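Chain by chain, the residues run as shown.
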Amino acid sequence: MIGISSIFWTQAHGAATHFPIAFLFGAALFDAIGFFLPDSSKRRSFQITGHWLLILSGLSSFGAVFSGLAASRWSVSGTGALLQHHLFAWPAFALIVGLTSWRIVVVSSPSRRAFAVYLSVLAFTCAFVAGAAWSGGELLMGH
Amino acid sequence: MNTLNEGRACAVAFLTSCVSLLTIAGVAFVFTNGLSGKQSRVPESREVDVEVAGRGRQIFVKHCAECHGYEARGDEGSDLHKLRAGDALIRQVITGGIKGAMPAYGKVLNDSDVRALTSYLRTLGD
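Calculation notes
- Residues numbered from 1 in each chain as written.
- Chains lettered and ligands numbered in written order.
- Predicted model: local features only at pLDDT ≥ 70, side-chain atom pairs only at ≥ 80, totals over all residues.
- Heavy atoms only, no water.
- Helix = DSSP H or I, 4+ residues; strand = E, 2+ residues; numbered from the N terminus.
- Buried < 20%, exposed > 50% of the residue type's maximum accessible area, 1.4 Å probe, protein only.
- Areas by Shrake-Rupley, 256 points an atom, 1.4 Å probe, with all protein chains shown as cover.
- pLDDT = per-residue confidence, 0-100.
- Core = buried A, V, L, I, M, F, W, Y, C linked by side-chain atoms within 4.5 Å.
- Contact = heavy atoms within 4.5 Å.
- Axes fitted to C-alpha atoms, helices over the stretch in contact; angles between N-to-C directions.
- Parallel < 35°, antiparallel > 145°, perpendicular 65-115°, else oblique.
- Left-handed = near helix turned anticlockwise from the far one by under 90°.
- Nonpolar A, V, L, I, M, F, W, Y, C, P; charged D, E, K, R; others polar.
- Phe/Tyr/Trp six-rings, centres within 6.5 Å; stacked < 30°, edge-to-face > 60°.
- Lys NZ or Arg CZ within 6 Å of the ring centre and 35° of its normal.
- Expected span 1.5 Å × (residues − 1).
- Bend = angle between axes of the 7 residues up to and from the residue.
- Polar contact = N/O pair within 3.5 Å; in protein donor to acceptor, adjacent residues only side chain to side chain.

1. Description of the overall build of chain B
- Looking only at helices and strands, chain B has 4 helices and 0 strands in total.
- Each of the 126 residues in chain B was classed as buried or not, and the buried ones make up 35%.
- Working note: accessible area of chain B is about 7900 Å², and carbon and sulfur atoms make up 58% of it.

2. Considering the confidence of the model for chain A
- Across chain A, the average pLDDT comes to 87, with 90% of residues at 70 or higher.
- The lowest-confidence element of chain A is helix α1 (residues 6-16) of chain A, averaging 80 in pLDDT; the highest-confidence one is helix α2 (residues 18-36) of chain A, averaging 95.

3. A few points about the nonpolar core
- Counting 22 residues, the largest nonpolar core has F60, L80, I94, L109, L117, L121 and L124 of chain B as the members making the most contacts within it.
- Residue contributions to this core peak at 5 residues, all from helix α4 (residues 111-123) of chain B.
- In contact with I94 of chain B, not counting residues within four places along its chain, are M102, P103, A104, Y105, G106, L109, V114, L117, T118 and L121 of chain B.
- L54, L99, V106 and V129 of chain A belong to the second-largest nonpolar core, a separate cluster that totals 20 residues.

4. Thoughts on the packing of helix α3 (residues 87-96) of chain B against α4 of chain B
Residue and element names in this part refer to chain B.
- Put simply, α3 and α4 touch, their axes get as near as 10 Å, and they point 125° apart. With respect to α4, the element α3 is oriented oblique. The element α3 and its partner α4 pack so that their crossing is right-handed. Along its contact with α3, which presents D87, I90, R91, I94 and T95, the element α4 presents V114, R115, L117, T118, L121 and R122.
- Here the contact of α3 with α4 is composed, by residue class, of 5 nonpolar, 2 polar and 4 charged.

5. A few points about the packing of aromatic side chains
All names here are of chain A.
- Evaluated as defined, the whole model comprises 12 aromatic pairs over all chains.
- Consider the rings of F19 and F23, whose centres lie 6.5 Å apart with planes at 35°: the pair is tilted. Of the two residues, F19 and F23 both sit in helix α2, 4 residues apart, roughly one turn of that helix.
- Given the relative accessible area of 49%, F19 is considered partly exposed.
- Assessed through its relative accessible area of 22%, F23 is described here as partly exposed.
- Feature note: the residues F35, F36, W102, F115 and Y118 constitute an aromatic cluster, connected by ring pairs.
- Over the face of the ring belonging to F35 we find R112, whose NZ or CZ atom lies 4.1 Å from the ring centre.

6. As for helix α2 (residues 50-68) of chain B
Residue and element names in this part refer to chain B.
- When the terminal C-alpha atoms of α2 are compared, their 21 Å separation across 19 residues is substantially less than the 27 Å that a helix rising 1.5 Å per residue should span.
- Roughly 55° is the biggest bend found in α2, and it falls at K62.
- Within α2, the full set of buried residues consists of A53, G56, I59, F60, C64, A65 and H68.
- In the stretch just after α2, G69 is the one whose phi turns positive, near 85°.

7. Description of α4 of chain B
All names here are of chain B.
- With 13 residues, α4 ought to run about 18 Å at 1.5 Å a step, and its terminal C-alpha atoms sit 19 Å apart, in line with that.
- Every buried residue of α4 is listed here: D113, V114, A116, L117, T118, S119, Y120 and L121.
- Tucked inside the fold, the buried residues of α4 contact α2 and α3.
- You can read the cap of α4 off the contacts: a side-chain oxygen lies 3.1 Å from the backbone nitrogen of S112, and it is on N110.

Below, the structure written as structure tokens:
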């Protein structure tokens, strides 16, 4: 694995990171819409969609993290732009995993209050992911 | 019932996050330190050897100045004074290029040349 060019892993990371990003923002959108809809089957449909999108985001985030670590030659911190990227990426990864676990474990429908807290944390996570995405783009393509 | 579930779920979520981060850190540690006997790590020193940087400047003029400008202020290529990447990434971009934007110099420059060039780029301020 070490022998594989880090160029390959950089390209793999570029491809892999877009999945958790898209799934996470999709989950946030569907969950937020579901939250504000009146109690109905439509609300339930939005929340189920959000539920699965978040799980997909959680699963795909491991691929993004793995390829990113391989690309940076297993550096979890680094310097300069890489450090900046990691300062966004690691909290984002922890929050995604945490939120995914929470949604998997809460089998029955969560209370409205708990769901509101969940949405707030999800918004916070989206901000970290956006920061990680921006700093990652700057790291590779920044002028 | 919901409250109980939610409380447990929060605990599980927190633990899973911690375990995931620790696992990732552990994997990174194993790959960086555990394999140190097989692969030496390149120090990311910020100290610049003037002689090496001078050679890097010569390499820059020969291979890079045409696009990046002789003062590395950017022309067809980007302004390298505003470079904010680590040494490893700089070396990676030099050797592998950027698809559609910059050719790869991995077959043109040897490892010593790439390090000298990186060293020179480190001397460029804002």
